[in-house]
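Structural overview for review
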Amino acid sequence: MKPILIHLCLALPLLADQPVGAKVPFVTLEAETQKTTGNVVLMKGKPSDVVTPEMEASGRGYVELSATGHALAFPITSPADTIVVRHCIPDSAEGGGKEATISLFVNNQFTEEITLSSRHNWLYGKAGENGQSNSPDVGPHVFWEESRYFLKHPVKAGDRLDFRKRESDAAVFYRIDLVDLEQAPAPLGQPADSLSVVEFGANGTDDKDDADAIIACIKAAQEQNKAVWIPAGKYHQSKRFNLDGPVTIRGAGMWHTEILGTTLGTDFAGNMGFALKGDGAKISDLYLECIAQTKRDKSNGKAFTGQPTNWTVENVWMTHTQTGFWISAADKGIVRNCRVRFTYADGINLNRGTSNTIVENCHVRGCGDDGLAILSETERKDPPAKNNILRNNTSNAIWWGHNLDLAGGSGHLVENNLLADNPLMGVFTINMTGAYPNHPLSDSIVRGNSLVRGGGNYVKQKRGAAWIFAGSTTITNVVFENNRISQPMFSGIQLTGKHEQKMTFTDNSISDPGENGVAITDSVTGSGEFIRNKITGLPEGGNAILNRSSSYTVTEKK
């Protein structure tokens, strides 16, 4: 092993010292496990290449309330004054979405109606393609939307919160996938030595554009070596905020300071969010949403893009943007405690040689391409990505791409992430694809991750929960260890692709696979050591390791 890899292994704690997934301040309750008078819909059998709502749902199931009086009850275990609902109501007949209310009750007492929308979900296209049309003339996918609310009647431990369809709730059906319940922290105060955007004309209480005022504040803060303060409120953004060099931007918290993108852009980055370059940008405690976009398009806003060094983004929530993070040729970054929900493409993507960057304790759900990705491509002649760390993140219910994609470079560590549910593909991949050729992947570790209900039947490939594809270049000296793979749809681990693979698989567990524990296709070349792996719950006719390749050597050790 190269010295940098050994250093990473020694510097970081082992699995026993770390929880798996992001540590978050909210409680998630899956609808299909609660009491209901509605209809519980669960995925049956193995997934096909035709997507259904239950395939895209977290936990592969949901509840549908379709008749007046239908109810869904959530027991409350801790105080909460906010709720996030992952939901689906019908699309309009012509496409493009509509709105409908659903009623909330606390302890059998009506408290409020909340408005749900289908404006962003219900995209259409041919089966097996990431269709982005809003016109319902071909098959649908992208069934699930997320909405967040402050509860008019906060709840406490021991309460019961019901969703009920009353006569005034006019949608034909209400599908509920899950809820997040959280006690939102109080708004943060203005930090010392900062300039408020309000002083420059921004107003978080009206519908007027605030972009010029915020841009002016950023410029003045840099000139005076001060921070930028964005108080609680809703601010409208029609122009991207370009941050060059050291500047700190802080809001009152992700529940309190909202930046809403209102104008579609004319270039790849769009007209909202932050473009970072230079040394020392820091952004924290904000909510970013694109309210102008309802399909994937290059003019859709990116929350964060650019080529920064020594940069930090913390405690930022983003939704309905094209991507959350699209960070290129960057160095020495930290992305921490962020939430990425319903992006039309990737959640957090480190690309074009981005190196020495840590992504940790982020919660990613419902993205339209890879949830988390290291993409070390060659087409722009950037150097290989090196020494990135993805640890203690949750990536769930990704509707296109993979939950976590490790695609090229060296010295990476992927550790203690929770990766669950994907309708078409694996939840973890090493994807050396020819579509965007990569630098080889080498000297990296994937350990301590949980892969839950992974794998789909994209183009009838029966992809493994961990799908390892040496399609355009090699995979060498990669360690896959102490990972827990539960209920994979087909195989727990699948190796495929024609280029050489040399990996070590140590102390992994695979439980209850749909077909085989490990599946190696006939195109694979190279060799693999399989040491002390535990495979349980094989179905009748299933194999612990099924090697169909005459050019790949399996060495098993106890």
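For the structure itself, consult the block above.
Here the structure is a predicted model, which is why all the values come from computation and not from measurement. (Residues numbered from 1 in each chain as written. Predicted model: local features only at pLDDT ≥ 70, side-chain atom pairs only at ≥ 80, totals over all residues. Heavy atoms only, no water.)

1. What about the overall build of the protein?
- Within the protein one finds three helices and 49 strands.
- If one aligns the C-alpha atoms of the protein with their principal axes, the spans along those axes are about 65 × 60 × 45 Å.
- Expressed as a percentage of its 558 residues, the buried residues of the protein come to 62%.
- When the accessible surface of the protein is split by element, carbon and sulfur atoms take 50% of a total near 20600 Å².
- With 54 positive and 61 negative side-chain charges, the protein shows a separation of 3 Å between the mean positions of the two kinds. (Helix = DSSP H or I, 4+ residues; strand = E, 2+ residues; numbered from the N terminus. Buried < 20%, exposed > 50% of the residue type's maximum accessible area, 1.4 Å probe, protein only. Areas by Shrake-Rupley, 256 points an atom, 1.4 Å probe, with all protein chains shown as cover. Lys, Arg positive; Asp, Glu negative; His and termini not counted. Charge placed at Lys NZ, Arg CZ, Asp CG, Glu CD.)

2. Describing helix H3 (residues 211–224)
- For H3, spanning 14 residues, the distance from its first C-alpha to its last is 20 Å, which sits close to the expected 20 Å at 1.5 Å a residue.
- Considered for burial, the residues of H3 that qualify are Ala211, Ala213, Ile214, Cys217, Ile218, Ala220 and Ala221.
- Where the residues of H3 are buried, they touch strand E14 (194–196), strand E15 (227–230), strand E16 (233–237), strand E17 (241–244) and strand E18 (247–251). (Expected span 1.5 Å × (residues − 1). Contact = heavy atoms within 4.5 Å.)

3. Remarks on the sheet that holds strand E8 (residues 109–117)
- Reading across the sheet, the five strands line up as E2-E5-E12-E7-E8 and stay open at both edges, with antiparallel pairing between neighbours. Looking at which strands have only one partner, the edges of the open sheet turn out to be strand E2 (35–36) and E8.
- Relative to E8, strand E7 (residues 99–106) runs antiparallel, the two sharing eight bridges. Paired with Val106 across the strands is Gln109, a residue of E8. (Pairing = 2+ DSSP bridges.)

4. What about the nonpolar core?
- Phe274 and Phe304 are the most contacted members of the largest nonpolar core, which totals 78 residues.
- Top contributing element to this core by residue count: H3, with seven residues.
- Setting aside its immediate chain neighbours within four residues, Phe304 contacts Phe274, Leu276, Ile283, Leu288, Val313, Val316, Met318, Gly324, Phe325, Trp326 and Ile327.
- Judged by nonpolar contacts, the second largest core, of 27 residues, contains Val63, Leu65, Val106 and Ile114. (Core = buried A, V, L, I, M, F, W, Y, C linked by side-chain atoms within 4.5 Å.)

5. Points about the pairing of strand E37 (residues 441–447)
- Along E37, seven of the seven residues are buried, which leaves the element largely enclosed by surrounding structure.
- Direction of pairing for strand E33 (residues 409–410) relative to E37: parallel, over a ladder of two bridges. Bridge pairing in E37 places Ser410 opposite Ser442.
- The pairing of strand E34 (residues 413–415) with E37 spans three bridges and is classified as parallel. If you follow Leu413 over to E37, its bridge partner there is Ile445.
- By the bridge criterion, six bridges tie E37 to strand E40 (residues 475–481) in an arrangement that is parallel. Residue Ser442 lies in a different strand from E40, and its bridge partner there is Thr476.

6. Topic: the environment of Ser284
- One can find Ser284 in strand E21 (residues 281–290).
- Judged by its relative accessible area of 13%, Ser284 is buried.
- Residues Ser284 and His439 lie 155 residues apart in sequence; the distance between their C-alpha atoms is 33 Å.

7. What to know about the packing of aromatic side chains
- Taken as a whole, this structure holds 17 aromatic pairs when the rule is applied.
- One aromatic cluster is present, formed by Phe150, Trp255, Tyr287 and Trp317 through successive ring pairs.
- Taking the ring centre of Phe105 as reference, the NZ or CZ of Arg164 above it sits at 4.1 Å.
- For Arg463, the ring lying beneath its charged end belongs to Trp467, and the centroid distance is 3.5 Å. (Phe/Tyr/Trp six-rings, centres within 6.5 Å; stacked < 30°, edge-to-face > 60°. Lys NZ or Arg CZ within 6 Å of the ring centre and 35° of its normal.)

8. Structural notes on the pairing of strand E43 (residues 500–506)
- The sheet contact formed by E40 and E43 spans six bridges and is parallel. In the sheet register, Val479 faces E43, and the bridge partner there is Thr504.
- Strand direction decides the pairing type here: E43 and strand E46 (residues 525–531), joined by seven bridges, are parallel. In the sheet register, Glu500 faces E46, and the bridge partner there is Thr525.

9. Considering the pattern of salt bridges
- Scanning the entire structure with this criterion turns up 29 salt bridges.
- When the shortest N-O distance is used, the salt bridge between Asp421 and Arg60 registers 3.5 Å. You can see Asp421 sitting in the loop between strand E35 (418–420) and strand E36 (428–432) and its partner Arg60 sitting in the loop between helix H2 (53–56) and strand E4 (61–65), a full 361 residues away along the chain. Summarising the burial analysis for this pair, Asp421 and Arg60 share the class buried. (Salt bridge = Lys/Arg side-chain N within 4 Å of Asp/Glu carboxyl O.)

The analysis is restricted to geometry; functional conclusions fall outside its scope.
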